[in-house]
Structure formats: C-alpha cells, structure tokens
2 protein chains.
Amino acid sequence: MVKDNKKMQMRRPTSIDIAALAGVSQATVSRALSRPASVSEGVRQRVFDAAAKLNYTVDINARKLRSKKINTIAVLVSEDIDQGDNPINPFFLPLIGQIMNYAGEKGVDVLMSLQKQSSDWGADYGFSRRADGIIFLGYRDFETYLQKIEALRTVGEPWVVFGPVMPETPNVFIGSDNEGGAYTAVAHLLKLGRKRIVFLGEASERHSEFFERYKGFMRAHTEAGVRPDDSLAIDCFISREEGAAAIERLLDDSITFDAVFAVTDLLAIGAIQSLQKRGLNVPKDVSVMGFDDLWACTCINPALSTVRQDTKTAAQVLVDTLAALIDGEPVEMTRIPTQLVIRESCGG
Amino acid sequence: MVKDNKKMQMRRPTSIDIAALAGVSQATVSRALSRPASVSEGVRQRVFDAAAKLNYTVDINARKLRSKKINTIAVLVSEDIDQGDNPINPFFLPLIGQIMNYAGEKGVDVLMSLQKQSSDWGADYGFSRRADGIIFLGYRDFETYLQKIEALRTVGEPWVVFGPVMPETPNVFIGSDNEGGAYTAVAHLLKLGRKRIVFLGEASERHSEFFERYKGFMRAHTEAGVRPDDSLAIDCFISREEGAAAIERLLDDSITFDAVFAVTDLLAIGAIQSLQKRGLNVPKDVSVMGFDDLWACTCINPALSTVRQDTKTAAQVLVDTLAALIDGEPVEMTRIPTQLVIRESCGG
DNA sequence: CTGAAAGCGCTTACAG
DNA sequence: CTGAAAGCGCTTACAG
C-alpha cells in the first residue's frame, strides 16, 4: 500500500493568527500562553479558545531563541562495543528509562544520543544550545574522555556523569556507593564461610568504579582476617563472554576457589554459566555474587545475588544536580546508597 | 564538597562575532557553516578558524526557526505499568538503542519521552515543532490511543508506530511478521511431536500483534491436522508474573499439555519458572517457546527458544519511513521478517 | 492589564 | 562567490 501525504501540509498558525481571532495583540497572546496568570480572565479564555480552534501551539524554537531558556537536557550514552548487537550496556537501559520518567515529571525535554567510541563526539549538544546541560552515561573508562570533556568546561557548559566518581576533578560525578556495596557483599560471602573469593573485573584506576569495588572487596577481607590470594584477582572486560572465559581459565589452571565476586552482573552471569558447564554447583561448590541488579538476575538459575544500584534515585540525583548546575546553584557530590540483594546464587 | 559555577557564564559568540574576526559578512559565515561548498576555500578556512578560536557553534534554535528544518524525531514510549520499577517494557529497550544508533548515523536528533498512561499525552511533541515526526513505541493496546492520535492527523503531523499493524487505518504501522513467526514456531513444536500446545497471551483484536500470532498458531495446527483444544488458549496480560500464574492455574486444574507457546518472552520465562517450581522438566515434560528474543533468553536455564524480532531492521524501517513521510514521499507498509531461534527449551 | 516595538541568531532570496 | 536586507515566531522590557 502506498500513501502520499503531500497535500496535508498547510501553514502553521502563529500567535498573530490567534491574536486576530481573539481580538487582542500578539504580545497578549504570548503572555496568555506563557504566563496565564499575567492576563485577565476573559482575555485568557478567548486566547485559549482561539488557540484550540486553530490547533495552535507555540513554536518551541522561537520561544527558545527569544527567551534563551531551552528546558532540555541531553543524555549522551556511550556505545558499548562489547554488547554486540545491542549498542548499549544493559545496565544503562533502565537508568535511561528512569531519567526519561523523572525528567518528564519535571517537564524538561530529553534529547538522547548514542556516542560512538570512534566518532567526533557530541560535545556540541550543549554548545549549539540544543540542551542546557548534559548527562553522560556509560563512560566507564572515563579518563579517556577527560580531555574531550575539558572543552565543555571552557565553555561553562554544565554536565554530570554517572558512574566513576573523581573528587579531584572539578566537576560533578555521581555514582553509587561502590566501596560500601562491595564491602557488604564480600563480607556476606566471608560470613558464609567462603575463604577463597575470586575478584572478577578490572581493578585499575582507569575504571574508578571497579577500583572502588575492589577496595570494598579488600576491606571486607581485612576486617574478616582473611588474606586474599592475588591469583584470584582476575582482570577482565565487562562482558558475559569475558566472565565465562576467565572462570574457565581458572578452572583449567586448577586454581581453587569457593566464591566469585564479580564487579558486574554481566560477568557474574557468565561465571555461573561456565561453572555449570564444568559441572560445578552454584552455590554449593561456588557462591556467586554480582553487582548492578540487572533484570536478568532473576531469570538465571540459581537467581543471582547482587548489589543493587538504585537507578531510580540515580536518575533523580542526576537530573536534579544538573538542574542546579544549570541554574548556577551550589551542588554537592552525592553517593547513591546500594543495597545487598541475597538470592540463591550465594547459598547460606 | 560545594561548587558554584555562576561566574562561568559569558556571552555566547554569534555569527557576527565570527564575521568580524574572519573579515567577512555575517551572511557568509552562515553559508560557510551550513553549506561549506558554497563559499570559497580561503573564506571557508578563515571562518572555520575564527569559529574554532571563539568556540563558536551555530545556535540550533535560531537555525530551526529560520530554516524551518527541525531535523529531529520524537520517540514517545508508553509507560508499562506491569514492569513495576522499570517503566519500560524490556523488549523496547534494545529497540530504543537501535533507534538512537540509526538516527545518530543519519544525523537526526532524537527527543525521547515517556508517556504516562494517565497523562495528557505528548502529542504536542510534533505540534510545537520540537520534532518533524513521531515514533510511537509500546502502545500495544493501540486502539485506546487511536482517537488521541487522530489529532495528529488533522494537523498533518507524520508519525509511525511499531507493533500493531492496522491496514485499515490510514497511517503507518510497522510491525514484525507476527503471523508467520508464530506459525513457524508452532509448526516446529508440532513437528517435535507436541500435540497439546498452550497458547499463552491475549488473542483479542485489541492487541492486533498478539492476535496475529494467534492466527499463526492456528494455521500451524490446521496444516498439521492437529485440532487445538480451546481450554489451552489462555488469556493473560504480558508480564512474567501473569505467565507464571496462568501456568500454575492450568496445573492446578489438571489440564494436561506438552508445550507452551507464549506471545512474549516475558510470559515464557514466567511459564518456565512455574513449571520448574512444580517439578516439571523443560523441555522433557513441556516444551516452551517465546516471542521477541529478549536478552534474558540466554540467561534462563534451559535457554529459551523464541521468535526473534529484528530490532535493528525495525529501527531502520521506522526511522526511514518517518523520514519519507516528513518529506512527503510515498511510503509502503512493511513487515519485518522474524527468525526462529531454537535453544534448549523446546527440546528435540 | 495591554499594546507597540525591539530583537533573539540565524538562513536565504536578491543583487551584484 | 559575497553582501545587504528581510524575516522566521516568539518574549519582554517599556509605556500607558
């Protein structure tokens, strides 16, 4: 079936048309529509009626240009090449949903863009006055982007980042309580009697989130008086495949362990799957603990215990902090509390 | 730590500033930046240098107002109350990612908004010239929204919908080959020797996607010469919980069945979980087949067989079709091919 | 409370 | 190829 919609185009009505129909000046139409309280009741009614009759709505571009208020935030999500078909890390998807939700409630528009790792970078989302400010998502190895972002700073463009928290960098990083979350999770494993816990993830300064989780891992050991074995600290990328492969390597090398703490659920899911493939029982032989609380945690069998990142709160803090920066208000760096979620995969 | 960014505000440079610095007219700056080929090499260079020096970028709002080209699409996602914490159905998340990806490649901006079921509806996303057109996602019971959308038609606003396909409605609905996908899947189950296949989902006209899948389910039976038992056609909402509950009811009522075809992976996952809870083996006792190919299909154990909806192609078709409508070009209604993905859950 | 007027920062015929 | 000029559709002091 072929359709043609050419003839449906017609001139959009402007505030001048409404003014004529309502019998007032164009300026009054504008007032009635942008600040209804500023005009008299009768005028307001006539203007509203006329607007409804002509299907009029204000041209948002003219308003933004003239008023200099954009009322829009840009969410820049970094492409996750590890995820293959789906260009976004599954953890960020619900966070995006929550941001859309909260921004919608506050009445601010959300411009969303996927930033290719290769590309020239959409730092001009703010520059070109598309948005008042930017939320960065998924820039896990954030240091790579630091110089690009420096450009934003010189222009005074407000932005916030979710994930890595770098207090020494003069801007706003919002993240979960990674150290505390990891600490609680690993302490739980130790309390269960686990002694040889694999740390699965990238514990380098480049990924400060994961490094913090590593610190929590270490602190739990110290407090429990258990000395972690260096050969159980596995450096690997954040994908299910890498998690699975890392565990298989440990098994191949006959390195014994009775628990896995993965810095990400993705990794933990991979770990469970290769453990099971090798005939090991989770949690009987090996307890597994993840981080994030992906939706899939309750799909896998046994259900994955994890440290929940509160995406709803994170969304609110991100949007509110950005709004404060935009308005030039003082802002505090915040840590979003995490929550230990015990399911079947860690036993006990 | 408290920060104050008030003093960072300064006047944005305009094309006039660039003109002065480059020694050309403002009009020439505009040309150099919007159609570089239209100015001489030397001028272009001077303008670019000046722009770079002053960190200049064109004010997108002024450009949109003046040129009347918005170059933006709005993606309106309907809130999914069934999903609890996460306001968006998991199936749409990857589709959103793909739309962001493809739109980004085409250089069009994406405005994203979550539409509350209760709210007044953001039909004015196009009206107010925020966007050239709208992509609707997640309006499964689309008929509810039909009259609201009627308003778009009167204004000649282009839009497309993913999901339900309603040929009788004069606009553009883009969906997967639901009938064919379901047919192939159910034919596969029948070929495996399954005779009593549960249809899990809402096979009403209100949800045309699911009704189409029901037709495919029926056709497979007819062609195999198997008469479907009406008591195996279960009407239920699209959530994991509902799927689990429906299966438990069947079990409680001692209705026998050897396979489940669910109109959605969400439902299939719920089905597997309650089957296992009741001590049944999937796929030995009961084969299970879903629809969508959620990421979680390979997390559940046994991995879920399903009919894959091709979100990447869907994203492209949605964006391209909308672009054609915007340009007033003829457009065809398309069906996105599906693909049967056999995993462990259906045996054989 | 309302109107007349200026102007936000661009693009695009129109001349040359 | 370039410049002077008009104008996109609003908002907002400024008067009254």
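The shown structure was predicted, so the numbers you read here are calculated from the model rather than taken from an experiment.

Q: So what about the overall build of chain A? Which residues, and what values?
A: The secondary structure content of chain A amounts to 12 helices and 14 strands. For chain A, the proportion of its 348 residues judged to be buried stands at 57%. The long-range fraction of contacts in chain A, counting pairs at least 24 apart against all pairs at least 6 apart in sequence, stands at 74%. With the model as given, the accessible surface of chain A reaches about 14400 Å², and the carbon-plus-sulfur share is 51%.

Q: Outline the sheet that holds strand β13 (residues 335–336) of chain A, listing residues and values.
A: What the 12 strands build is an open sheet, ordered β13(A)-β6(A)-β5(A)-β4(A)-β2(A)-β3(A)-β3(B)-β2(B)-β4(B)-β5(B)-β6(B)-β13(B); its pairing is mixed. Each edge of the open sheet is held by one strand with a lone partner, namely β13 of chain A together with β13 (335–336) of chain B. Pairing between strand β6 (residues 172–176) of chain A and β13 of chain A: 2 bridges, direction parallel. Paired with Gly175 of chain A across the bridge in β13 of chain A is Arg335 of chain A.

Q: Report on the pattern of salt bridges, specifying residues and quantitative values.
A: Residue and element names in this part refer to chain A. By the definition in use, this model includes 28 salt bridges over all chains. In this structure, Arg11 engages Asp17 in a salt bridge whose closest nitrogen and oxygen atoms are separated by 3.2 Å. In this structure Arg11 comes out as exposed when scored by relative accessible area, which is 63%. Judged by relative accessible area, which is 21%, Asp17 ranks as partly exposed. Residues Glu179 and Arg219 are paired through a salt bridge, measuring 2.8 Å at the closest nitrogen-oxygen approach. Of this pair, Glu179 sits in helix α8 (residues 178–191) while Arg219 sits in helix α9 (residues 208–224), placing them 40 residues apart in sequence. Overall, Glu179 belongs to the partly exposed group, its relative accessible area being 23%. By sharing partners, the salt bridges in this structure join Glu248, Asp252, Lys277 and Arg278 into a single network.

Q: Run through the sheet that holds strand β10 (residues 287–289) of chain B, naming residues and quoting values.
A: Residue and element names in this part refer to chain B. Taken in spatial order, the 4 strands make up an open sheet running β8-β7-β9-β10, and their pairing is parallel. The open sheet has two edge strands with one neighbour each: β8 (233–234) and β10. Along the sheet, helix α10 (residues 240–252) makes contact with β7 (197–200), β8 and β9 (259–262), crossing β7 at roughly 140°.

Q: Kindly report on the interface of chain A and chain B, identifying the contributing residues and their values.
A: Chain A puts 74 residues into the contact, and the matching count from chain B is 73 residues. Buried surface at the junction of chain A and chain B, both sides included, amounts to about 6300 Å², of which 54% is carbon and sulfur. Counting across the interface, chain A meets chain B through 4 salt bridges. One salt bridge in this structure joins Arg130 of chain B and Asp109 of chain A, with 2.6 Å as the shortest N-O distance.

Q: Would you mind going over the nonpolar core in detail, with residue names and values included?
A: One finds Leu137, Leu200 and Phe261 of chain A together with Leu137, Leu200 and Phe261 of chain B to be the most contacted residues of the largest nonpolar core, which totals 163 residues. Among all residues touching Leu200 of chain A, those that are not within four sequence positions of it are Ile234, Cys236, Gly243, Ala246, Ile247, Val260, Phe261, Ala262, Val263, Leu267 and Ala271 of chain A. One finds Ala74 of chain A together with Phe136, Trp159 and Met166 of chain B within the second-largest nonpolar core, a separate group that totals 27 residues.

Q: Describe the packing of aromatic side chains, with residues and values.
A: Residues and elements named next belong to chain B. Taken as a whole and assessed by the stated rule, the structure comprises 20 aromatic pairs over all chains. For the pair Phe199 and Phe261, a centre-to-centre distance of 6.1 Å together with 45° between the ring planes defines the contact as tilted. Within this pair, whereas Phe199 is found in strand β7, its partner Phe261 is found in strand β9, the two being separated by 62 residues in sequence. Both residues of the pair, Phe199 and Phe261, count as buried. Measuring from ring centre to ring centre gives 6.3 Å for Phe217 and Phe261, while their planes differ by 20°; the resulting arrangement is stacked. Of the two residues, Phe217 is situated in helix α9 (residues 208–224) and Phe261 in strand β9; the sequence distance between them amounts to 44 residues.

Q: Requested: an account of the relation of the copies chain A and chain B, with residues and values cited.
A: With an RMSD of 0.1 Å, the operation that places chain A on chain B is a rotation of 180° combined with a shift of 0.1 Å along the axis. Here the symmetry operator amounts to a two-fold rotation axis. When the interface residues of chain A are mapped onto chain B, 99% of them again fall at the interface, so both copies present the same face.

Criteria and cut-off values
- Residues numbered from 1 in each chain as written.
- Chains lettered and ligands numbered in written order.
- Predicted model: local features only at pLDDT ≥ 70, side-chain atom pairs only at ≥ 80, totals over all residues.
- Heavy atoms only, no water.
- Helix = DSSP H or I, 4+ residues; strand = E, 2+ residues; numbered from the N terminus.
- Buried < 20%, exposed > 50% of the residue type's maximum accessible area, 1.4 Å probe, protein only.
- Contact = heavy atoms within 4.5 Å.
- Areas by Shrake-Rupley, 256 points an atom, 1.4 Å probe, with all protein chains shown as cover.
- Pairing = 2+ DSSP bridges.
- Salt bridge = Lys/Arg side-chain N within 4 Å of Asp/Glu carboxyl O.
- Axes fitted to C-alpha atoms, helices over the stretch in contact; angles between N-to-C directions.
- Buried area = accessible area lost by both parts, 1.4 Å probe.
- Core = buried A, V, L, I, M, F, W, Y, C linked by side-chain atoms within 4.5 Å.
- Phe/Tyr/Trp six-rings, centres within 6.5 Å; stacked < 30°, edge-to-face > 60°.
- Least-squares fit on C-alpha atoms with pLDDT ≥ 70 in both.

Any link to function would need more than the numbers given here.
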